[in-house]
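Examination of the molecular architecture
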Amino acid sequence: MAPYPTANSSGLNTPESELESVLPVHPTAARRPNPIVVQSEQTAYSDEYITSSFTNRGAAVTVTDGQYLVTPTAQQYELQTARKVAKTGLMMVGWGGNNGTTLSATILANRHNIVWHTKSGVQQPNYIGSLLRASTVRLGSDPSTGKDVHVPVSDVLPMVHPNDLVLGGWDISGARMDEAMKRAQVLDWDLQRQVMPHMAALGKPLPSIYYPDFIAANQEARADHVVPGKDKQAHLEQLRADIRRFKAEHALDRAVIFWTANTERYSDIIPGVNDTADALLASIKASHSEVSPSTLFAVAAILEGEPFVNGAPQNTFVPGVIQLAERHKSFIGGDDLKSGQTKLKSVLAEFLVNAGIKPLSIASYNHLGNNDGHNLSAEPQFKSKEISKSSVVDDMVEANHLLFKRPEPGAVKGTKAAKGEHPDHIVVIKYVPAVGDSKRAIDEYYSEIFCGGRSTINIFNECEDSLLATPLILDLTILTELLTRVKYRDVSAGQAEFSPLYSVLSLLSYMLKAPLVKPGTDVVNSLNRQRNALETFMKACIGLEGSSDLLMETRIW
C-alpha cells in the first residue's frame, strides 16, 4: 500500500464523503523526509547505522559523620541505532474494546485523511496527544538569531509512522471491528460512518484467552469468542502460532504485542509456581490457576522474540516473566497507561514538594461509564488499579526528608514507621454508565504551608478516556520498535561487541502509571524526570548532550 492515497477518495466510503482529503495532512500526521544530521566527531553515519559516543556523567556520594563526599563519575558508551525502520505490526489484546477500535479507526482516518463534521464544524484527523508526533524537543539555537530550534520528537531518530502500522489482535468478543467501534460510542458518528467500511475490512479479532477468575463476572456476556479448553500449554501454543501467522501474512519484521484488554486481578506470587522462568513454564504446562491470560500472552511474545507491553495495572510481569525475558533477550514494558488523573498527579505532587510545600493528603475520585469502568466495579480488579494509581508520589516523597520523615531503622515491616512519613492517599473509582467514555476525575491536595498554615487545591478533570489512551498506545508501540534497534557498547569496561538494551524497557515510563524497571532499581514517577530521561537517551543516540536549561551565554557578560 502506498504511504498516502493517490486519489481524493479511498473508494471504500459509502456514501462517499465530499470532504475526504480536501484539507492538507495535519502537521502531527505529516511525513518529513529530511533527517537530522549531526556534524560531530561523536557521531558517524553509514547506510545501516547511526553510531554515537556518549558519556554518562554522574556522581558517587558517601556520607561520613554528616559530611557529603561527592566524586564525579563518567562512563563512556557507544550507541548504535539501525536506520532501517522495521515493518511493524501491532497486535492488541482486547482489539475490539474501546481503545483498540478507537486506535484502529483513527489510524485509518489519518491514513486516508478522512475529514468529518462535528457540531462545531469540520474536523480533520491528527495525532494530537502523542508525545512523539505532537510534541517537540530543543535541538539547539540558531547562531544567526540566538533563537531556540525545536523539532518534533519523532524526527530525532528514524521511527515507524503510525499510519504504517499493520493492525491485528485478539478479543473475547467476536464482534467485527466496525460493529465493535459502534458499540464503543467513542468517535463522532460522521467519522464512524466514513471509516466503517475500512473497519469492516479488518474483519474480526482472533479468539482470545478467557479465564473467568481473572476479570469481573460482568464481562461473561461479552466472552463469545474464546480459545476453547482449559489447557494453558495448548493456549500458549495457539498464541505463538497466531503471532507467527500474523507476521507471515503481512511480511512483518516486527510485531509488538500490546495488552489493552480488561484489568485483571493481581496474581499471587507463589514460590515454585511463577517466581522463576522454569517454574512459570512448568506451571503453564500444568495449567496452574495462578497463570493469568496476560502472563500467557507475555510468555508467548517472549518465546516468539517479540516485545510485549502491558497497558493495564495487573502484575502481568511476575518474577518468572522477567527472568524469561532476560533469558531470551526479549523486550517487555509496562504497566498501566498514564493518560489523565495520574499524569496530572505526578506533575502537581512534584510541584508541591519541589516548592517546599508538604502534601498531607491526596484524595482522588473517578467515575466513568465505559466497559473499563464496568470491569473495575469488581473489587479484585479495582485493587489492581488502586495499586498502580497510588504509588505515583512515592519517589517524590522519598526525595525530600526535610518535609517527610525517613523510615525508622528496625521498624516492623508493613508499619507506617517502616515506610516513613507519607501523605494520606486514597483512590476511589465508581461505575456510572450514563457518562460513557467521558471520565470525571476529582482531586483534592491538602498541604501544610508556612508556619502551620494549610492550603487546599481542588481539581476537576473531565476527559474522553479512550481518546487520551490511544496516542499513548501509539507512542509505546513506536518507541518499543525503536528501542529494539538500539544497541550499546560499554567502552569504559572494554566491551568489544554491541549488545541489545536490557529487557525491561524503563524508558517507556513517561506513558505508564506504574513503570516496570530493572529489578533492584528505584522507580522514577516524576513526569519531568521521565521525559528528560527519554529525551536525553534519544539525543545521545545521535551524539548530542542532554537538555540544558542553564543557558550559560545569557548569564554572563
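Each value, and the rule that gives it
- Residues numbered from 1 in each chain as written.
- Predicted model: local features only at pLDDT ≥ 70, side-chain atom pairs only at ≥ 80, totals over all residues.
- Heavy atoms only, no water.
- UniProt positions renumbered as here; feature names shortened; annotations may be inferred.
- Helix = DSSP H or I, 4+ residues; strand = E, 2+ residues; numbered from the N terminus.
- Rg over C-alpha atoms; globule rule 2.2 N^0.38 Å.
- Buried < 20%, exposed > 50% of the residue type's maximum accessible area, 1.4 Å probe, protein only.
- Areas by Shrake-Rupley, 256 points an atom, 1.4 Å probe, with all protein chains shown as cover.
- Lys, Arg positive; Asp, Glu negative; His and termini not counted.
- Charge placed at Lys NZ, Arg CZ, Asp CG, Glu CD.
- Pairing = 2+ DSSP bridges.
- Salt bridge = Lys/Arg side-chain N within 4 Å of Asp/Glu carboxyl O.
- Patch = residues over 30% accessible without salt bridge, like charges linked within 9 Å, V, L, I, M, F, W, Y side chains within 5 Å.
- Polar contact = N/O pair within 3.5 Å; in protein donor to acceptor, adjacent residues only side chain to side chain.
- Contact = heavy atoms within 4.5 Å.

As annotated in an unreviewed UniProt entry, the protein chain carries the name inositol-3-phosphate synthase and comes from Rhodofomes roseus. If you open the UniProt record of the protein chain and go to Cofactor (unreviewed entry), you find "NAD(+)". The UniProt entry for the protein chain carries the following text under Catalytic activity (unreviewed entry): "D-glucose 6-phosphate = 1D-myo-inositol 3-phosphate".

Moving on, we get to the overall build of the protein chain. In terms of regular secondary structure, the protein chain is built from 15 helices and 19 strands. What you see for the protein chain is a C-alpha radius of gyration of 24 Å, in line with the 24 Å of a compact globule of 557 residues. The principal-axis extents of the C-alpha atoms in the protein chain amount to approximately 75 × 60 × 50 Å. For the protein chain, buried positions account for 51% of its 557 residues. A total accessible area of about 25600 Å² is found for the protein chain, and carbon and sulfur atoms account for 54% of it. Between the averaged position of the 53 positive side-chain charges in the protein chain and that of its 61 negative side-chain charges there is a distance of 0 Å.

Attention now moves to the pairing of strand E18 (residues 486-490). In the sheet, strand E3 (residues 67-82) pairs with E18 via five bridges, with the strands oriented antiparallel. Paired with Glu78 across the two strands is Arg489, which belongs to E18. With two bridges connecting them, E18 and strand E19 (residues 499-500) associate as antiparallel partners. The residue of E19 that forms the bridge with Tyr488 is Ser499.

A separate point is unusual backbone geometry. Across the junction of Gly334 and Asp335, the peptide omega takes the value 5°, indicating a cis bond. Relative to the helices and strands, Asp335 resides in the loop between strand E13 (332-334) and helix H9 (341-354). Even without being glycine, Gln185 reaches a positive phi, approximately 60°. Tracing the backbone through its elements, the reader meets Gln185 in the loop between helix H3 (177-184) and helix H4 (189-202). Unusually for a residue other than glycine, Lys329 sits at a positive phi of about 50°.

Further remarks concern the pattern of salt bridges. Scanning the model with the defined rule gives 21 salt bridges in all. One salt bridge in this structure joins Glu304 and Arg240, with 2.6 Å as the shortest N-O distance. With Glu304 in the loop between helix H7 (293-303) and strand E12 (308-310) and Arg240 in helix H5 (residues 232-249), this residue pair connects regions lying 64 residues apart in the sequence. Using a relative accessible area of 19% as the deciding quantity, one classes Glu304 as buried. The salt bridge partner of Lys513 is Asp336, with a shortest N-O separation of 3.8 Å.

Attention now goes to a nonpolar patch on the surface. A grouping of Val61, Val63, Tyr68 and Val70 is seen on the molecular surface, where their side chains present a nonpolar patch of about 400 Å² in accessible area. Elements represented by at least two residues in the nonpolar patch include exactly strand E2 (49-64) and E3. Within the fold, Val70 resides in strand E3.

All right, on to the side chain of Asn163 then. Considering the arrangement of structural elements, one finds Asn163 in the loop between strand E8 (148-152) and strand E9 (166-171). We classify Asn163 as buried; its relative accessible area is 2%. Within the local environment of Asn163, its side chain forms a polar contact with the side chain of Tyr127, the two groups lying 2.5 Å apart. Once residues lying within four places of it in the same chain are set aside, the contact partners of Asn163 are Arg31, Ile107, Asn110, Arg111 and Tyr127.

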